[in-house]
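One-letter residues, chain by chain:
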Amino acid sequence: MRIIRCKNYDEVSEVAARIVAAQVTMKPDCVLGLPTGSTPLGMYSRLIQKNKENKIDFSNVTTFNLDEYFPISRSNNQSYYYFMFENFFNHININKENIHIPNGETTDPEAECASYEAAIEAAGGIDLQVLGIGQNGHIGFNEPGDFLESTTHITTLTQSTIAANSRFFESIDDVPKKALTSGMGTILKSKKIIILASGKAKSEAVKSLLSGKITTQNPSTMLNLHKDVTLIADEDALL
Ligand code: GLP
């Protein structure tokens, strides 16, 4: 795993935005895998800026988001659908038909997951997958456990993730208990992966990611099986 050590969050965001911009310049019709969470916000705002300055063109880019709460309405301002449009898609020249986000409104989650996995395959797979990391090492919503699912699936969130994400909801009871998420196999099929980490709260998960040991108790450690992963982390996350 390649490690890019950054001074702070701004540098993490800048490096990540440059890597995404380089990918889109090299392959204008590339497929991007995208995350939500607080960490990628700085990267998204820089990509929006580059798009406004005509330094990056998203018109032929296809995107697949990693995950979505379930059940959740797309108009709920805590849905990842809402998050992505609000923080990124509404501000760039992407063709809205090329945007894919697991549908948290579905009445048939198993069918939704199967068709999402098939859509990634049909698009030719993900060229560049951008990831964040949960405090417990979760990736997308692949939570620590005795086993990990390979493909896109419905999952139950751990108490620690519900607690960590409750900061965005009015109360902890409003946090959905389930989610739809790309599997670790889906993610590992990506041609290239970057993972962003910032802040002390991520340092334990990052330490385990870098230990070289692979465990289902920290899903991010599975990334050690991939040949092209870059961790972009600030000094606090690398403590
Ligand atoms: C959420 C998302 C993950 C994200 C993680 C960390 O649970 N499902 O994809 O990486 O939280 O979020 P943050 O960047 O806000 O710490």
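Scroll up for the structure.
Residues numbered from 1 in each chain as written. Predicted model: local features only at pLDDT ≥ 70, side-chain atom pairs only at ≥ 80, totals over all residues. Heavy atoms only, no water.

1. Quick notes on the overall build of the chain
Now for step 1: A count of helices and strands for the chain gives seven helices and ten strands.
Now for step 2: The C-alpha atoms of the chain give 16 Å as radius of gyration, which agrees with the globular expectation for 239 residues (18 Å, within 12%).
Now for step 3: On the principal axes, the C-alpha backbone points of the chain span a range of 45 × 45 × 35 Å.
Now for step 4: Counting across all 239 residues of the chain, residues that qualify as buried make up 54%.
Now for step 5: For the chain, the proportion of contacts with a sequence separation of at least 24, taken over those separated by at least 6, is 78%.
Now for step 6: With an accessible surface of roughly 10600 Å², the chain has 50% of that area assigned to carbon and sulfur atoms.
Now for step 7: In the chain, 22 positive and 28 negative side-chain charges are present, and the distance between their average locations comes to 8 Å. (Helix = DSSP H or I, 4+ residues; strand = E, 2+ residues; numbered from the N terminus. Rg over C-alpha atoms; globule rule 2.2 N^0.38 Å. Buried < 20%, exposed > 50% of the residue type's maximum accessible area, 1.4 Å probe, protein only. Contact = heavy atoms within 4.5 Å. Areas by Shrake-Rupley, 256 points an atom, 1.4 Å probe, with all protein chains shown as cover. Lys, Arg positive; Asp, Glu negative; His and termini not counted. Charge placed at Lys NZ, Arg CZ, Asp CG, Glu CD.)

2. Focus: the sheet that holds strand S9 (residues 192-197)
Now for step 1: One open sheet accounts for seven strands, arranged S1-S10-S9-S6-S2-S3-S5; its pairing is parallel. Every interior strand has two partners, whereas the edge strands, strand S1 (2-6) and strand S5 (99-100), have only one.
Now for step 2: As judged from the two bridges shared by strand S2 (residues 31-34) and strand S6 (residues 128-131), these two strands associate in the parallel manner. Paired with Leu32 across the bridge in S6 is Leu128. (Pairing = 2+ DSSP bridges.)

3. Some thoughts on the site of the ligand
Now for step 1: Around the ligand, the structure places 13 residues, and the nearest of them are Ser38, Thr39, Asp67, Arg167 and Lys202.
Now for step 2: Between the ligand and the protein, one listed contact pairs a nitrogen atom with a side-chain N or O atom of Asp67 at 2.8 Å.
Now for step 3: Between the ligand and the protein, one listed contact pairs a nitrogen atom with a backbone N or O atom of Gly140 at 3.1 Å.
Now for step 4: If the ligand stood free it would expose 390 Å²; the protein chains cover 94% of that surface.
Now for step 5: In terms of residue class, the shell around the ligand is made up of three nonpolar, seven polar and three charged. (Near = heavy atom within 4 Å. Polar contact = N/O pair within 3.5 Å; in protein donor to acceptor, adjacent residues only side chain to side chain. Nonpolar A, V, L, I, M, F, W, Y, C, P; charged D, E, K, R; others polar.)

4. Some words on the packing of aromatic side chains
Now for step 1: Summed over the entire model, instances satisfying the criterion amount to ten aromatic pairs.
Now for step 2: An angle of 10° between the planes, with centres 5.9 Å apart, marks the rings of Tyr80 and Phe141 as stacked. Separated by 61 residues along the polypeptide, Tyr80 in helix H3 (residues 80-87) and Phe141 in the loop between S6 and strand S7 (153-156) bring together distant segments of the chain. The pair formed by Tyr80 and Phe141 is uniform in burial state, with each residue classed as buried.
Now for step 3: Each residue in the set Tyr44, Phe58, Tyr81, Phe85, Phe88 and Phe89 is aromatic and connected to the rest through ring pairs, giving one cluster. (Phe/Tyr/Trp six-rings, centres within 6.5 Å; stacked < 30°, edge-to-face > 60°.)

5. A look at the nonpolar core
Now for step 1: If you look at the biggest cluster of nonpolar residues, it comprises 34 residues, and the most contacted ones within it are Leu32, Met43, Phe58, Phe88, Phe89 and Ile232.
Now for step 2: No other element matches helix H1 (residues 9-26), which puts eight residues into this core.
Now for step 3: When near neighbours in sequence (up to four residues on either side) are disregarded, Phe89 contacts Leu34, Thr63, Asn65, Met84, Ile94, Lys96, Ile99 and Ile101. (Core = buried A, V, L, I, M, F, W, Y, C linked by side-chain atoms within 4.5 Å.)

6. Quick look at helix H4 (residues 109-122)
Now for step 1: The first and last C-alpha atoms of H4 sit 20 Å apart over 14 residues, in line with the 20 Å expected at 1.5 Å per residue.
Now for step 2: The inward-facing, buried residues of H4 contact strand S3 (62-65), strand S4 (67-70), S5, S7, strand S8 (178-181) and helix H6 (184-188).
Now for step 3: One or two residues past the end of H4 sits Gly124, with phi positive at roughly 95°. (Expected span 1.5 Å × (residues − 1).)

7. Things to note about helix H2 (residues 41-52)
Because an α-helix packs 3.6 residues into every turn, residues spaced three or four apart end up facing the same way.
Now for step 1: Compared with the 16 Å implied by 1.5 Å per residue over twelve residues, the 17 Å span of H2 between its first and last C-alpha is a close match.
Now for step 2: Buried residues of H2: Gly42, Met43, Tyr44, Leu47, Ile48, Lys50 and Asn51, and no others.
Now for step 3: Against H1, S2, H3, S6 and S9 lie the buried residues of H2.
Now for step 4: Phi turns positive, to about 60°, at Asn54, one or two residues after H2.

Spatial relationships are all this shows, so hold off on functional conclusions.
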